[in-house]
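Listed below are the residues making up each chain.
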Amino acid sequence: METMHQARYAIEQRLALEQSNTNAGGSSTVSSTTAVDEGMRKEATAILTNLKSIMWDNVGVVRTPSKLALAVSELSAMRDEADQLWNNSSSGGCGGAGWEVVALRDAAHSGLAVAESALANRVSGGAHYVVLEESESENNNGNGGGSKSVDSDDEEPLHAVI
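Residues numbered from 1 in each chain as written. Predicted model: local features only at pLDDT ≥ 70, side-chain atom pairs only at ≥ 80, totals over all residues. Heavy atoms only, no water.

Caption draft 1: Summary view of the overall build of the chain. When helices and strands are tallied, the chain shows six helices and two strands. Along the chain, helices and strands appear, N-terminal first, in the series α-α-β-α-α-α-β-α. Relative to all contacts within the chain whose residues are 6 or more apart in sequence, the contacts with residues 24 or more apart total 68%. Split by element, the accessible area of the chain, about 9800 Å² in all, is 53% carbon and sulfur. (Helix = DSSP H or I, 4+ residues; strand = E, 2+ residues; numbered from the N terminus. Contact = heavy atoms within 4.5 Å. Areas by Shrake-Rupley, 256 points an atom, 1.4 Å probe, with all protein chains shown as cover.)

Caption draft 2: Quick look at the pattern of salt bridges. Enumeration according to the criterion identifies three salt bridges in this entry. For the salt bridge of Arg79 with Asp80, the shortest nitrogen-to-oxygen distance reads 3.2 Å. Look at Arg79 and you get partly exposed, because its relative accessible area is 24%. (Salt bridge = Lys/Arg side-chain N within 4 Å of Asp/Glu carboxyl O. Buried < 20%, exposed > 50% of the residue type's maximum accessible area, 1.4 Å probe, protein only.)

Caption draft 3: Seen up close, helix 5 (residues 99–120). Between the first and last C-alpha of helix 5 there are 31 Å, a value that for 22 residues agrees with the 32 Å anticipated at 1.5 Å per step. If you check which residues of helix 5 are buried, you get Glu100, Val101, Val102, Leu104, Ala108, Gly111, Leu112, Ala115 and Ala118. (Expected span 1.5 Å × (residues − 1).)

Caption draft 4: Focus on the environment of Val61. By the secondary structure assignment, Val61 is in the loop between helix 2 (28–58) and strand 1 (62–63). A relative accessible area of 45% means that Val61 is categorised as partly exposed. When the C-alpha atoms of Val61 and His128 are compared, they prove to be 4.5 Å apart, with 67 residues separating the residues in sequence.

Caption draft 5: Structural detail: the confidence of the model for the chain. In this model, the chain carries a mean pLDDT of 74, and residues with pLDDT of at least 70 account for 59%. Between residues 26–32, whose pLDDT stays under 50, and residues either more than four places distant or in other chains, the model counts three contacts. In this model, residues 142–155 is a region of pLDDT below 50 whose contacts with residues beyond four sequence positions or in other chains number 19 contacts. (pLDDT = per-residue confidence, 0-100.)

Caption draft 6: The arrangement of the side chain of Glu100 in detail. Of note, Glu100 is situated in helix 5. Classification of Glu100 by relative accessible area gives buried; the value is 14%. Ignoring anything within four residues of it in the chain, the contact list for Glu100 reads Arg41, Ala44 and Thr45.

Caption draft 7: Inspection of the packing of aromatic side chains at higher detail. Per the counting criterion, the structure on display carries zero aromatic pairs. Over the ring of Trp86 we find Arg105, and its NZ or CZ is 4.1 Å from the ring centre. (Phe/Tyr/Trp six-rings, centres within 6.5 Å; stacked < 30°, edge-to-face > 60°. Lys NZ or Arg CZ within 6 Å of the ring centre and 35° of its normal.)

Caption draft 8: Helix 3 (residues 65–88), seen in detail. Helix length check: helix 3, at 24 residues, gives a terminal C-alpha distance of 34 Å against a target of 34 Å (1.5 Å per residue), a fit within 8%. Regarding helix 3, the residues found buried are Pro65, Leu68, Ala71, Val72, Leu75, Met78, Ala82, Leu85 and Trp86.

Caption draft 9: Structural view of the nonpolar core. Counting 23 residues, the largest nonpolar core has Leu51, Leu75, Leu85 and Leu104 as the members making the most contacts within it. Contributions of two or more residues to this core are made by helix 2, helix 3 and helix 5. Considering each element in turn, this core owes the most residues, eight residues, to helix 3. (Core = buried A, V, L, I, M, F, W, Y, C linked by side-chain atoms within 4.5 Å.)

Below, the structure is given as structure tokens:
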């Protein structure tokens, strides 16, 4: 936990330094990169908005294997984009790109980890549950796995294992 606080403090210090350089007029290098950094910030914000939508629609409370697989694919591409924005920032990190790029990078890595874990875990438990799709439920009938057959009109969750 202490490491997380140290990392947050370092990020806040870098952002404060960047803000003070911008407010004080800064050097010509800082002002020439401002337009590029602003573009990165806007791109990061747009990607983060899309990431939130994917997480809500495909990795929400009710999950299906096909939506989770789609989310993993899309989130993997977003993670790569986020890493590229992070690596291309003018200061080689959060100092030049701003908190938007940091937030995108962290959210992309976290979102992908959640989606991959949910896809690998076929047992429902807690507040989230996996709804078996018709083709998958036919394969699981009679195998004693505790899953129910799911009709497309009446989708039921798997039973929680506690």
